Amino acid sequence: MPKTKEAEDIETRTEGLGDLPADEFRRHLHAVADWVADYREGIASRPVSPTASPGEVANSLPAVAPEQPETMDAIFADLNRLIIPNLVHWGHPQFLAYFGSTTTAPGILGEMIAAALNVSAMTWRTSPAATELETVVLEWLRGMLGLPADFKGIVYDTASVAILHALAAARERANTDVRALGLAGRGDVPAMRIYASDQAHSSIEKAAITLGLGERNVRRVVTDEDFRLNVEALRAAVDEDLQNGLRPLAVVATVGTTSTTSVDPVLEIARLCRERDLWLHVDAAYGGALALLPEGRWAMEGVGEADSIVVNPHKWLFVPLDFSALYTRRPDLLRRIFALTPEYLRGDASAHEENYMDYGIQLGRRFRALKAWMVFRTFGREGLAARIREHCRLARLFASWVEAEDNFRLLAPVTMGVVCFQAMPNSQHETTLANEFNAALVERINRTGKVYLTRTELRGQTAVRLAVGNILTTEDHLKNAWDIIRSEAERMQK
Ligand SMILES: Cc1ncc(COP(=O)(O)O)c(C=O)c1O
């Protein structure tokens, strides 16, 4: 039958629509697979960080989106020419900054499959297996961390978002009816206070800002010589606030602080929280991973007493960004605040469908559990623990090199994978000069493109901070890094 005019018009209009042809997609997919494998295999020979100045990359790209289709070959060419050389390679074995990159082969595979599936784990119905795998993986992780069975887990993207939800639950527990009434314009709610050590992470303030509690209502408490929260000072701060008519709401204790990985005395803090009826949130975003080692369980002592705890498998459990697990004994509070189901998302109320959208502000949720499942299965608990143990060994070894050198000194105890130290310039004993020297040293080291470090400040002293957390980092990489650090410091003395 000859085509009608209308059928011909539709054919002309839809020609070239749809996705890339299947054979072309397959070809590119194979190329990407090789690219990823080459990237991982050759990553150590790349400069770990770029030399670009701000704006350089953006200025080399067109200011408007292309009007006409471009080929994947052209896109890949720009990727290799412009984007890749101007990245910091977090997976590089001599990337020793922040908390190490936890990219791993099974994690990459999981991310690739999740991208292909692109399902949303917002309700059980929107993808039953995505929801149930999340529940299973969270239970596995809970078991590996040694947390009691009455802790329920929820996956968020980051620890910053997890603490936001934990403090929202704490606020809900105070029966302020904020969900319905908000906080603005209310004279019946006193200022609500949150306490954390002077070493705790800035995400606490961000959560307070977002929840309308106010940045100034986060009270920082002094730490001891090992950077652990001073419980007597905490008690005094809480009691002072109570006397002043404020409402102490929550304490955030940290297991593995960002600068030094110090561990707060959680058990004592938990006792105080119980006495004063405060919510206890434990930020174990980094340090929680230590609980996988029998010899690391000490770090989690008392954590079972908490109301909520966050652990980031994307920090030290080899799951790529992003995956943050919040555990709480009071998931009912999260549901009380956040469960809100429009008709189109309603499931079968009698079927006990788990809808993770009920525990937070996010509706669409990535299938994050898949990569964690693949990572945990690939390495097993023993394999994960062995790698964490090795990182701790490497950090202690590095610290012993620092201690053995006259011109260097440690600035904090080494408890996990982080070493904070200082180079001591020959003739410059004054703190300011030592601080400038060490700040400049980190810049110089990073400019070599061979090692990447960060610096931090500890009681007015600028510390060079080295973190071992990358699955590819070996003793040889650390030796290289130490050689570079020493030779740059020597060169600065000349
Ligand atoms: C102790 C601690 N808590 C929380 C965070 C925030 O983590 P995220 O990037 O997952 O929000 C960090 C980040 O480094 C951290 O070190």
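These numbers were taken from a predicted model, which means no experiment stands behind them. (Residues numbered from 1 in each chain as written. Predicted model: local features only at pLDDT ≥ 70, side-chain atom pairs only at ≥ 80, totals over all residues.)

**Student:** For this particular structure, what's the right way to read the overall build of the protein?
**Tutor:** When helices and strands are counted, the protein shows 16 helices and 11 strands. Since a compact globule built from 494 residues should have a radius of gyration of about 23 Å, the 26 Å found for the protein is in line with a globular shape. Principal-axis analysis of the C-alpha atoms gives the protein an extent of 90 × 65 × 45 Å. Looking at the protein as a whole, 40% of its 494 residues are labelled buried. Of the contacts made within the protein by residues no fewer than 6 positions apart, 73% connect residues no fewer than 24 positions apart. (Helix = DSSP H or I, 4+ residues; strand = E, 2+ residues; numbered from the N terminus. Rg over C-alpha atoms; globule rule 2.2 N^0.38 Å. Buried ≥ 20, exposed ≤ 12 C-beta atoms within 10 Å, placed from the backbone. Contact = placed C-beta atoms within 7 Å.)

**Student:** Help me understand the sheet that holds strand β11 (residues 461-467) in this model?
**Tutor:** Read across the open sheet, the 4 strands follow the order β8-β9-β11-β10; overall the sheet is antiparallel. Edge positions in the sheet fall to β8 (408-410) and β10 (454-458), since each of these pairs with one other strand and no more. Within this sheet the neighbouring strands show an average axis-to-axis angle of 40 degrees, counted without direction. In the sheet, β10 pairs with β11 via 5 bridges, with the strands oriented antiparallel. Note on β11: the bridge partner recorded for L458 is Q461. (Pairing = 2+ DSSP bridges. Axes fitted to C-alpha atoms, helices over the stretch in contact; angles between N-to-C directions.)

**Student:** How do you make sense of helix α14 (residues 369-404) when you look at a structure like this?
**Tutor:** Note: α-helices contain 3.6 residues per turn, so residues at a spacing of three or four share the same orientation. Helix length check: α14 (36 residues) gives 44 Å between terminal C-alpha atoms against 52 Å at 1.5 Å per residue, more than 12% under. Taken as a whole, α14 carries its principal kink of about 85 degrees at G380. (Expected span 1.5 Å × (residues − 1). Bend = angle between axes of the 7 residues up to and from the residue.)

**Student:** In this structure, what is going on with the sheet that holds strand β3 (residues 218-221)? I would like to understand it.
**Tutor:** Working definition: the strands of a sheet are paired by backbone hydrogen bonds and lie parallel or antiparallel to each other. On the basis of which strands lie adjacent, the open sheet formed by 7 strands has the order β1-β7-β6-β5-β4-β2-β3 and mixed pairing. Single-partner strands in this sheet number two, and they are β1 (152-156) and β3. Between one strand and the next, the sheet's axes are offset by a mean angle of 20 degrees, whatever the strand orientation. Bridge analysis of strand β4 (residues 247-254) against strand β5 (residues 279-283) gives 5 bridges, and the strand direction is parallel.

**Student:** How should I be thinking about the nonpolar core in this particular structure?
**Tutor:** One recurring pattern in soluble globular proteins is that nonpolar side chains are buried together. Core analysis: the biggest nonpolar cluster contains 124 residues, and L96, L167, I194, V251, L280 and V310 have the highest contact counts within it. Of the residues forming this core, the biggest block, 14 residues, is contributed by α14. Shared between two domains, this core holds at least three residues of each, these being domain 1 (20-49 + 88-103 + 381-494) and domain 2 (120-366). Aside from chain neighbours lying at most four places away, what touches I194 is L167, I204, A208, L213, N217, V218, L249, A250 and V252. (Core = buried A, V, L, I, M, F, W, Y, C linked by C-beta atoms within 7 Å. Domains from an automatic or database assignment.)

**Student:** When you look at the packing of helix α10 (residues 231-243) against helix α11 (residues 266-276) in this model, what are you seeing that I'm missing?
**Tutor:** Relative placement of two packed helices is described by the angle separating their axes and the distance separating the axes. The interhelical angle for the contact between α10 and α11, taken along N-to-C directions, is 20 degrees, at an axis separation of 10 Å. Between α10 and α11, the interaxial angle falls into the category roughly parallel. Crossing of α10 over α11 shows right-handed handedness. Contacts between α10 and α11 pair V231, L234, R235 and V238 from the former with E268, I269, L272 and R276 from the latter. Residue composition of the contact of α10 with α11, by class: 5 nonpolar, no polar and 3 charged. (Parallel < 35°, antiparallel > 145°, perpendicular 65-115°, else oblique. Left-handed = near helix turned anticlockwise from the far one by under 90°. Nonpolar A, V, L, I, M, F, W, Y, C, P; charged D, E, K, R; others polar.)

**Student:** Teacher, can you tell me more about the environment of C420 here?
**Tutor:** Here C420 shows up in strand β9 (residues 418-423). Judged by the 25 C-beta atoms lying within 10 Å of it, C420 falls in the buried class. The spacing of C420 and K152 is 268 residues in sequence and 35 Å in space, taken between C-alpha atoms. Residues within four places of C420 in sequence aside, it is in contact with S259, T260, L411, A412, T456, L458, A463 and R465.

**Student:** Just to check I follow, could you spell out the environment of R455 for this structure?
**Tutor:** Take R455: it is sitting in strand β10. Owing to 21 C-beta atoms within 10 Å, R455 belongs among the buried residues under this scheme. Between the C-alpha atoms of R455 and F99, which are 356 residues apart in sequence, the distance is 12 Å. Ignoring anything within four residues of it in the chain, the contact list for R455 reads N438, A439, V442, T462, A463, V464 and R465.

**Student:** I tried to follow the site of the ligand on my own but got confused; where do I start?
**Tutor:** Around the ligand sit 15 residues in total, of which T158, A159, S160, H201 and T258 are the nearest. Classifying every residue of the shell around the ligand gives 4 nonpolar, 10 polar and 1 charged. (Near = placed C-beta within 6 Å.)

**Student:** Would you mind going over the environment of E205 with me for this structure?
**Tutor:** If you trace the backbone, E205 turns up in helix α9 (residues 203-210). In the structure, E205 is positioned 13 residues away from V218 in sequence and 6.4 Å away in space, judged by C-alpha atoms.

**Student:** Help me out: how do you make sense of the domain arrangement of the protein in this one?
**Tutor:** Reports of interface size often rely on the accessible area that becomes lost once the parts have come together. Domain assignment breaks the protein into domain 1 (20-49 + 88-103 + 381-494) and domain 2 (120-366). A C-alpha centroid distance of 30 Å is found between domain 1 and domain 2. Across the contact, 20 residues belong to domain 1 and 22 residues belong to domain 2. Contributions of two or more residues to the side of domain 1 that touches domain 2 are made by α14, β9 and β10. If you tally residues by element for the side of domain 1 that touches domain 2, the top one is α14, at 6 residues.

**Student:** Just to check I follow, could you spell out unusual backbone geometry for this structure?
**Tutor:** Generally, phi is negative for residues other than glycine and the peptide bonds are trans, each holding for most cases. A cis amide bond, omega -5 degrees, links L321 with the succeeding residue D322. Within the chain, N175 stands out as a residue other than glycine whose phi angle is a positive 55 degrees. Note on placement: N175 falls in the loop between α7 (159-173) and α8 (178-181). C-beta crowding within 10 Å serves as the criterion here: with 7 such atoms nearby, N175 is assigned to the exposed category. For D177, which is not a glycine, the phi torsion comes out positive at approximately 55 degrees.

**Student:** I tried to follow the pairing of strand β7 (residues 324-328) on my own but got confused; where do I start?
**Tutor:** For a regular strand, side chains alternate in direction, first toward one face of the sheet and then toward the other. With 5 of 5 residues buried, β7 lies mostly within the body of the structure. Side chains S324, L326 and T328 of β7 all project onto a buried face; the interleaved residues A325 and Y327 project onto the opposite face, where all are buried too. Both strand β6 (residues 308-311) and β7 contribute to a ladder of 4 bridges, which runs antiparallel. From the neighbouring strand, I309 faces β7, where its bridge partner is Y327.

**Student:** Sorry if this is basic, but what is going on with the packing of α7 against α9 here?
**Tutor:** One can describe the packing of α7 onto α9 by two numbers: an axis separation of 9 Å at closest approach and a directional angle of 50 degrees. When the interaxial angle is binned, α7 and α9 end up oblique. You can see that α7 and α9 cross each other, and the crossing is right-handed. Contacts between α7 and α9 involve A159, S160, I163, L164 and L167 on the former and, on the latter, S203, I204, K206, A207 and T210. A class-by-class count of the residues in the contact of α7 with α9 yields 6 nonpolar, 3 polar and 1 charged.

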